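# Results of the structural survey
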Amino acid sequence: MELSSLTQCELNTQLRHQGLRLRIGPFIAQIRSSIPSVINGIQQLYADYPIEQESGFADFHVEVSPPRNLRRWFRPQVLFLFDHKSPFKPLPYEQAFPVLEWGLNWCVSQFAHNYLTLHAAVVEKDGHTVIMPAPPGSGKSTLCAGLVARGWRLFSDELVLFSPKTGEVSPIPRPISLKNESIEVIRSFAPEVVIGRSSADTAKGTVAHMKAPIESVRQAMMPVAPTWVIYPRFEAHASAQLISKPKGAAFMRLIENSFNYTLLGLQGFEALTGLIDVCDCYDFSYGSLDEAIAVFDALEPPSTSLNICN
Amino acid sequence: MCQARQVDLLPRLWYLLNDRDLLDELPPEPVRHLESAHAFALAHERGVRWEVECIRRVLLEIDEQIILLKGAAYVMAKLPAGRGRIFHDIDFMVPKGKLNAVESVFLRHGWRSMYADAYDQRYYRQWMHELPPLRHYKRRSVLDIHHSILPETARLYPDSRKLLAAAQPLVKGGNLKVLAPVDMVLHSATHLFHDGELESGLRDLVDLDSLLRHFSQADSFWDKLTERALEIDLIRPLFYALKYADRILGTPVPDYVMDKVQRGSPNIGMVWLMDQMFYRALKPDHVSCREGFTGIARWMLYVRSHYLRMPFRLLVPHLLHKAFVTPYKEWKLEKQAVKQPNRADVLKDVPPEN
């Protein structure tokens, strides 16, 4: 059953009381909230997601609610609760929906060490995946949103779940977090995409979330082996340029973008070297989304014989 | 799973299930969390070993020996209680006369006191059984340096010199030691039932269970344990420890030992009251474990731990200071503080942690 098949009243009741069990990629999150912006955000951006039985197992029990003190009314705040406890400081009430999104990211980065988790966007086309690690401000989410709007399948705009056992990346398609100017860029680039309410003045500036395409959500249980690791960098007015990156350098950059490489120890090293071995690695700078997408569409998958030295 | 996570027992559950080859028989969803927790625990153990190695090297400079306590001791002595044991501070004990020398050598090697406040500093140094905690400026690891297992002002006052004298080196001739088995049990019992905050009470009871099961394989362990408890004035905590370990976790304690430690039992009314409190507070602090009076039980045990820590003439001014002066000072500091971006916020898409 998909979330959109719930009536407004059923959705409200579930979110306010027993909790809504949302399947997001390999995880089931039980979410509770009685905050209107959160309920609306979920209704709008998670409409196509499967919902699960209340009696089953849930990976994360989370709640977004106002604190039980004066800050409920006076300059209101909002708390993210995991297992009824708050791992973070409260944030302004207006940011309730982004708080849910950040909280869910936190859950995965804390409790999914059966994967090697990296901070990067992942998209897929014709069975080939691109992993795009990049620091904030490099246009990673914008490029990811642009690719997804042009038919690439969204795995995630934030999180790589790489299984050391299978050597595959699991999708965890969630709304894409767009920041500041990117929101307008994507609105004009792809007027048909659904973008939720903007929250101003967050730690990252203005934030709005773009709904994941329904095909990406429906295929969320289909992991794929990685094909390319590409480090994108937006440069105003620059023409698109794809430059091969030595594997050693690409490996070191990936370590910087990992959540649990150190924690996994030897297993982390073996997983990451395995990932880099099968991928072609590039640095990529671009000035326009159309050009960038043309370059991605023309990517040739690496030949099957491994070229470890590259 | 939520209850176990609340008291850091997920990795322990992984070990218990793995020992019995039961992981394959469970549904895969919870097993993934157990595996994740196990991976975390392995990294934690690696970190602890490295940290203890750093401590050992620092100590070579002053040729001083230390006695590792609690989690760090269980891990370094490779006890079953150390498997999957998660903890945040490294605790160790030195003779009181050596405190200054030991503290200053750590201050010279990158550790800093976590409390800058003069009141806190004086409170620890004058009344407590440990120095104000030290934190390494780079690795953020925290050291608790003890000279006793209970505060100077506590109702029970076990003789630290006896504990120090019986401690055993981890490696022959090395400068790292751990408490003798009986003392290790008594310290764990004292920490849980006389001194501790019960947030992770169940985890601490699981420690006791594990230590007792392991050490009681040796001959005459039980006799030594009860004799030692009488000798160093810790029969009361031992009574509680054996009673609740037996009742809650089914720890095998011989009947004659139970009879012996009855000497540590308080009167029948107190036994009833303690039952009411401990049966509630030793459950994980999770909503699914809450029943009537759980909140009150936890609060009463908190008050009790302070009452046992120090007499009222010291306790009341201390609590007043903590309730009024400290928040005021913190508020003033916060006002002055220049807001600096946290590196974690810049790097990753999560809000700042508490």
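Residues numbered from 1 in each chain as written. Chains lettered and ligands numbered in written order. Predicted model: local features only at pLDDT ≥ 70, side-chain atom pairs only at ≥ 80, totals over all residues. Heavy atoms only, no water.

All names here are of chain B. The end-to-end C-alpha distance of helix H15 (residues 312-336), which contains 25 residues, comes to 35 Å, matching closely the 36 Å that a straight helix rising 1.5 Å per residue would cover. At Lys322, H15 is bent by approximately 35°, the largest bend along its length. Of all the residues in H15, the buried ones are Leu314, Leu315, His318, His321 and Thr326. (Helix = DSSP H or I, 4+ residues; strand = E, 2+ residues; numbered from the N terminus. Expected span 1.5 Å × (residues − 1). Bend = angle between axes of the 7 residues up to and from the residue. Buried < 20%, exposed > 50% of the residue type's maximum accessible area, 1.4 Å probe, protein only.)

On to empty space enclosed by the protein. All names here are of chain A. Summed over all chains, the structure comprises 6 cavities of 30 Å³ or more. In this structure, the largest cavity is lined by 13 residues; those nearest its centre are Glu101, Asn105, Asp157, Glu158 and Arg174. Looking at which element gives the most residues to the lining of the largest cavity, the answer is helix H3 (residues 96-111), with 3 residues. When its residues are assigned to classes, the lining of the largest cavity shows 4 nonpolar, 4 polar and 5 charged. Two domains share the lining of the largest cavity, each providing at least three of its residues, namely domain 1 (3-111) and domain 2 (116-297). (1 Å grid on protein atoms, 1.4 Å probe; cavity = no way out; pocket = protein on both sides within 12 Å on 5 of 7 lines; lining within 4 Å. Points joined across faces, edges and corners; volume = space filled by probe spheres on them. Nonpolar A, V, L, I, M, F, W, Y, C, P; charged D, E, K, R; others polar. Domains from an automatic or database assignment.)

Residues Leu68, Phe92, Phe106 and Phe193 of chain B are the most contacted members of the largest nonpolar core, which totals 78 residues. Take this core: its biggest share by element is 8 residues, from helix H11 (residues 235-249) of chain B. Ignoring any residue separated from it by four or fewer positions in sequence, one finds Phe193 of chain B in contact with Leu205, Leu208, Pro237, Tyr240, Ala241, Tyr244, Phe278, Leu282 and Arg304 of chain B. Val38, Val99, Trp152 and Phe296 of chain A belong to the second-largest nonpolar core, a separate cluster that totals 75 residues. (Core = buried A, V, L, I, M, F, W, Y, C linked by side-chain atoms within 4.5 Å. Contact = heavy atoms within 4.5 Å.)

It is worth spelling out the interface of chain A and chain B at this point. At the junction of the two partners, chain A supplies 36 residues and chain B supplies 27 residues. When chain A packs against chain B, the two sides together hide about 2700 Å² of surface, and 53% of this comes from carbon and sulfur. On the surface where chain A and chain B come into contact, there are 3 salt bridges. As a salt-bridge pair, Asp59 of chain A and Arg32 of chain B come within 3.1 Å of each other at their nearest N and O atoms. For the pair chain A and chain B, the number of links is 8 residue pairs in polar contact (both at pLDDT 80 or more). Of all the secondary-structure elements, those providing two or more residues to the side of chain A that touches chain B are strand E3 (60-65), H3, strand E11 (176-179) and helix H8 (261-278) of chain A. Looking at the side of chain A that touches chain B, its residues break down into 17 nonpolar, 11 polar and 8 charged. (Buried area = accessible area lost by both parts, 1.4 Å probe. Salt bridge = Lys/Arg side-chain N within 4 Å of Asp/Glu carboxyl O. Polar contact = N/O pair within 3.5 Å; in protein donor to acceptor, adjacent residues only side chain to side chain.)

Residues and elements named next belong to chain B. Look at helix H6 (residues 118-127) against H15: their axes get within 11 Å of each other, and the N-to-C directions meet at 155°. The orientation of H6 with respect to H15, classified from their angle, is roughly antiparallel. In the crossing of H6 with H15, the sense of the turn from one axis to the other is left-handed. Between H6, through Tyr119, Asp120, Tyr123 and Trp127, and H15, the contact on the second element is made entirely by Leu314, Pro317, His318, His321, Lys322 and Lys329. (Axes fitted to C-alpha atoms, helices over the stretch in contact; angles between N-to-C directions. Parallel < 35°, antiparallel > 145°, perpendicular 65-115°, else oblique. Left-handed = near helix turned anticlockwise from the far one by under 90°.)

Frequently, the measure chosen for interface size is the accessible area removed from exposure when the parts meet. Residue and element names in this part refer to chain A. Assigned domains of chain A: these are domain 1 (3-111) and domain 2 (116-297). Taking only C-alpha atoms, the centre of domain 1 and the centre of domain 2 are 24 Å apart. At the junction of the two partners, domain 1 supplies 23 residues and domain 2 supplies 27 residues. Taking both partners together, domain 1 and domain 2 bury about 2100 Å²; carbon and sulfur atoms supply 64% of that area. Viewed at the interface, domain 2 and domain 1 are joined by 2 salt bridges. The salt bridge partner of Asp48 is Lys211, with a shortest N-O separation of 3.4 Å. Put simply, domain 1 and domain 2 have 7 residue pairs in polar contact (both at pLDDT 80 or more) between them.

For an α-helix the count is 3.6 residues per turn, leaving residues at separations of three or four pointing the same way. Residue and element names in this part refer to chain B. Those residues of helix H10 (residues 221-231) not exposed but buried are Phe221, Trp222, Leu225, Thr226, Arg228 and Ala229. Burial along H10 is one-sided: seen end-on, the buried residues are contained in an arc of 160°. Buried residues in H10 make contact with helix H7 (160-166), helix H8 (181-195), helix H9 (201-215), H11 and helix H12 (255-261). Downstream of H10 by one or two residues, Asp233 has phi in the positive range, about 70°. (Arc of directions from axis to C-beta.)

All names here are of chain A. With respect to topology, 3 strands assemble into an open sheet ordered E11-E13-E12, the strand pairing being antiparallel. Strand pairing shows two members of the sheet lacking a second neighbour, E11 and strand E12 (199-202), which therefore form its edges. Averaged over all adjacent pairs, the angle separating strand axes in this sheet is 40°, with direction ignored. Sheet topology places E12 next to strand E13 (residues 205-210); 2 bridges connect them, and they run antiparallel. Each bridged residue has a counterpart across the sheet, and for Thr202 the counterpart in E13 is Gly205. (Pairing = 2+ DSSP bridges.)

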